[in-house]
Amino acid sequence: MEWILNHLYLLAYVAVFFPMAAALAGWLIGRHHKSERDYFVFMCCSLELAIFLFLFVLTLGGVNCGVAYIPEVCGMGLHFQMDGFRVLYGTVAAFLWFMTTIFSKEYFAHYRNRNRYYFFLLLTLGATEGVFLAQDFFTIFIFFEIMSLASFAWVAHDEKAESMRAANTYLGVSVIGGLVMLMGLFLLYGADSSLLPAAGLCLLFGFGAKAGAFPLHIWLPKGHPVAPAPASALLSGVLTKTGVFGILLLTATVFYKDMAWGTLILAMGVLTMVLGALLALFSVDLKRTLACSSVSQIGFVLVGVGLAGLLGKENALAVRGAVLHMVNHSLIKLVLFLAAGVVFMNLHKLNLNEIRGFGRKKPLLHYCFLMGAFGIGGIPLWNGYVSKTLLHESIVEFTRMAAEGQADSYLSAGVLQGVEWAFLISGGLTVAYMTKLYVALFIEKNQNEETQRQFDALKGRYMNKISGIVLAAGATLLPVLGFMPDFIMGKLADMGQSFFVNGTAAGLQYVPAKGGQVIVDWFSLSSLKGAGISIGIGILVYLFVVRTLLMKRENGCRVYAGRWNRWLDLENLVYRPILLHALPFVCGVFCRVLDSLADGVVVLLRKTVYRDSKLPEELLEGNRFTHMAGRAANGLQRLGNRSIWQKNPRNVDYEHKFALIYQEWEEESLIIGRSLSFGLLLFCAGLLLTVIYLLLAA
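Residues numbered from 1 in each chain as written. Predicted model: local features only at pLDDT ≥ 70, side-chain atom pairs only at ≥ 80, totals over all residues. Heavy atoms only, no water.

1. Describing the nonpolar core
As a rule of thumb, nonpolar side chains are buried together in soluble globular proteins. Heads up, the rule is: The nonpolar core is taken to be a set of buried Ala, Val, Leu, Ile, Met, Phe, Trp, Tyr and Cys residues, with the residues joined through side-chain atoms within 4.5 Å. Categorising residues by exposure relies on relative accessible area from a 1.4 Å probe, with only protein chains included: less than 20% of the type maximum marks a residue as buried, more than 50% marks it as exposed, and the intermediate range marks it as partly exposed. Only runs of H or I of at least four residues qualify as helices and only runs of E of at least two qualify as strands under DSSP, and these elements are numbered from the N terminus. Should any heavy atoms of two residues lie within 4.5 Å, those residues are counted as being in contact.
Counting residues in hydrophobic clusters, the biggest one holds 204 residues, and the most contacted among them are Trp154 and Phe369. When residues of this core are assigned to their parent elements, the largest contribution, 22 residues, is made by helix α13 (residues 316-347). Beyond its immediate sequence surroundings of up to four residues, Phe369 is in contact with Leu336, Ala339, Met434, Leu437, Tyr438, Leu441 and Phe442.

Right under this line is the structure:
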């Protein structure tokens, strides 16, 4: 036993690299044995979960699981650490992979490219665990890029035009985010501390792109609807959290108690929270609504991260709220996306008007979706209520401190009250759009009576028992966590809180307990107040916005209407025009100017310094070879006109024709040469800038 405790660091290598190696083995097995491949992938995910549960129990018991180091990788080595938060989220990720892998067997029963899907499923698992266990930003970057490229195959899985466009958007955001993150790493590891703000912004860009934070959220609403449902659950529940993990690490280490940084993260969180909720409210696609909801919930987490950086030693409320909402959102989206997968698996449709009434007479699906809706809506006694209450109280606490002059902040108490109302309204919008989905699926009937009869006839045949057990187990976990917030979620929060510099927050809802710890009176009037306001706002929005403005009458029936204007699409409105039109145009003009300048210098040198003399018998077009060949061909043509072509003489100037062919060939060679020169020019410019940076940094 002592040897095991002294060598726990070896489990970090197994947790990260075993799934990657298993991905190749599973692919080879799947080429000949599909069923054996499915069991192999299941066993790999089971082993991964077992490893993290073992680490989780040890960490919960106070055992230090240690660090691991692989030297000489890219000159810097890879560093892994197994502390409380990293083990906690590694366990959450392994659990979601385990559950979605079981569900995938039925979901992909009639899909193509299953071997490819399972290969990238395991590859992404290893890379994701590498991100969560990473000790430094360089290690995060390495596995971040592997994870991003591997998960691209999920979005593009069915290879339809819409899927490929969404996958290209996802890949574009990931690649650009990765390049900017690499730039931030160069700045971060430099010796000049004045470069830290620039490094932080570059890293924030890369992490924010993966997290789905505004304004880099564009891949989420487009990628989730086209990706398979199990992949959507992982993209929303886990992969977005890798971006949040990076932002959390920056805030907890490099920019701890930095007012400007905390304010920036708080502002980003508020914008993401509100915009995501609005997009979800207007959506009429089941999975797109859940995807936009993920954007909003990431905003809730970022609000907590920003406040954790601003509050300093009094940040326990914000830290615990942010960590728990990350965990809660992962578990909730597992349930909701798998429930959406059940709908799509049967109907191959996601539009609310087409799937309307599908959930009627399906009690198990009804129960599972309702648990997820209650959880994400922050209803008391469900897990989402616990984390949202902590986040809300952290805003209240910071507002009080700002009003009393106890907090160093750029934000006034009035602005922070606005943040609180944005938080409560976003929570209300969450209740409204989840009510919209619930009523459409389980209360209303389909406008086509025959379609509704077909839905009702499915009864217990809409998913198999194994998928039902997976969905029911995930759904039941949500109220269990909410019923015992201190016994379970309090311990999870303790694990996550060690990630930040520890402090004890004396919030309005905290009462000192034995041992110097704090507990929450979860069901006091002041604790329930925030949830009550959000629920009230949600009811009003549903009744007076969703049922009126967001519905229309069509063929005598009221249907859900997509009111969100297409021109408000940030990708098509801003990003694609800039990246695909404006930027190439500007670069083209710049290169043409440089090219013309270079030509002008060459001409000037030829006329002054070198003074080129005119060639004897210089030709107006072509060269000597085309001139000689053309004259010979013209001579043969004249001879033919006098003999065999007397009736239809030919009059082609071969000297001119050969000269044109030569000129066309010369122009093509010049274009190719200039392209190579331009590429070499960019390479040299980049190399020069790198050398200059290294010299300045030294």
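Continuing now.
2. Observations regarding the packing of helix α15 (residues 363-377) against helix α19 (residues 465-483)
To keep things clear, this is the line we draw: Angles here are taken between N-to-C directions and fall from 0 to 180 degrees, while the axes themselves are lines fitted to C-alpha atoms, restricted in helices to the stretch in contact. Left-handed describes a crossing whose near helix is turned anticlockwise from the far helix through less than a right angle; right-handed describes the clockwise counterpart. Ten residues, namely Ala, Val, Leu, Ile, Met, Phe, Trp, Tyr, Cys and Pro, are considered nonpolar, four, namely Asp, Glu, Lys and Arg, are considered charged, and the remaining ones, Gly among them, are considered polar.
At a minimum axis distance of 9 Å, the contact between α15 and α19 shows a crossing angle of 35°. Two packed elements cross with a definite hand, and for α15 against α19 that hand is left-handed. Across the interface between the two elements, Leu364, Leu365, Tyr367, Cys368, Met371 and Gly372 from α15 touch Gly468, Leu471, Ala472, Ala475, Thr476, Leu478 and Pro479 from α19. A breakdown of the residues in the contact of α15 with α19 according to their chemical character gives ten nonpolar, three polar and no charged.

3. Quick notes on the packing of aromatic side chains
For clarity, the cut-off: Aromatic rings from Phe, Tyr and Trp, with only the six-membered ring used for Trp, were paired whenever their centres fell within 6.5 Å, and each pair was classed as stacked if the ring planes differed by under 30 degrees, edge-to-face if by over 60, and tilted otherwise.
Enumeration according to the criterion identifies 23 aromatic pairs in this entry. On the numbers, 5.6 Å between centres and 35° between planes, the contact of Phe42 with Phe98 is tilted. With a gap of 56 residues between them, Phe42 in helix α3 (residues 34-60) and Phe98 in helix α4 (residues 84-107) connect regions that are remote in the sequence. By relative accessible area, which is 18% here, Phe98 ends up buried. When the centroid spacing of 6.1 Å and the interplanar angle of 35° are considered together, the rings of Phe103 and Tyr107 count as tilted. Here Phe103 pairs with Tyr107, and both are found in helix α4, just four residues apart, close to one helical turn. The residues Phe103 and Tyr107 share a single accessibility class, namely buried.

4. Details of the side chain of Thr100
Applicable threshold: Between N or O atoms, a polar contact is any pair within 3.5 Å; within protein, one atom must be a potential hydrogen donor and the other a potential acceptor, and residues adjacent in sequence are included only when both atoms are from side chains.
Here Thr100 lies in helix α4. There is a polar contact of 3.2 Å between the side chain of Thr100 and the backbone oxygen of Trp97.

5. Looking at the environment of Leu411
Here Leu411 is to be found in the loop between α16 (383-403) and α17 (413-443). Leaving out residues up to four positions away in the same chain, Leu411 has contacts with Thr263, Leu266, Ala402 and Leu416.

6. Regarding the side chain of Lys333
Formally: Neither His nor the chain ends contribute to the count of charged residues, in which Lys and Arg are positive and Asp and Glu negative. For this document, the term salt bridge refers to a Lys or Arg side-chain nitrogen within 4 Å of an Asp or Glu carboxyl oxygen.
Among the structural elements, Lys333 can be located in helix α13. It turns out Lys333 is buried and unbridged, and the closest side chain with the opposite charge, Asp285, is 12 Å from it. Not counting chain neighbours up to four residues away, the residues in contact with Lys333 comprise Ala233, Ser236, Leu290, Ser293, Ser294, Leu338 and Ile376.

7. Regarding the confidence of the model for the chain
Operational definition: Residue-level confidence of the predictor is summarised by pLDDT, bounded by 0 at the bottom and 100 at the top.
Residues with a pLDDT of 70 or more make up 84% of the chain, whose mean pLDDT is 80. Here strand β3 (residues 510-512) stands out as the least confident element of the chain, with mean pLDDT 33; α15 is the most confident, with 92. Here residues 501-518 scores under 50 on pLDDT; set against residues more than four positions off or in separate chains, the count is 38 contacts.

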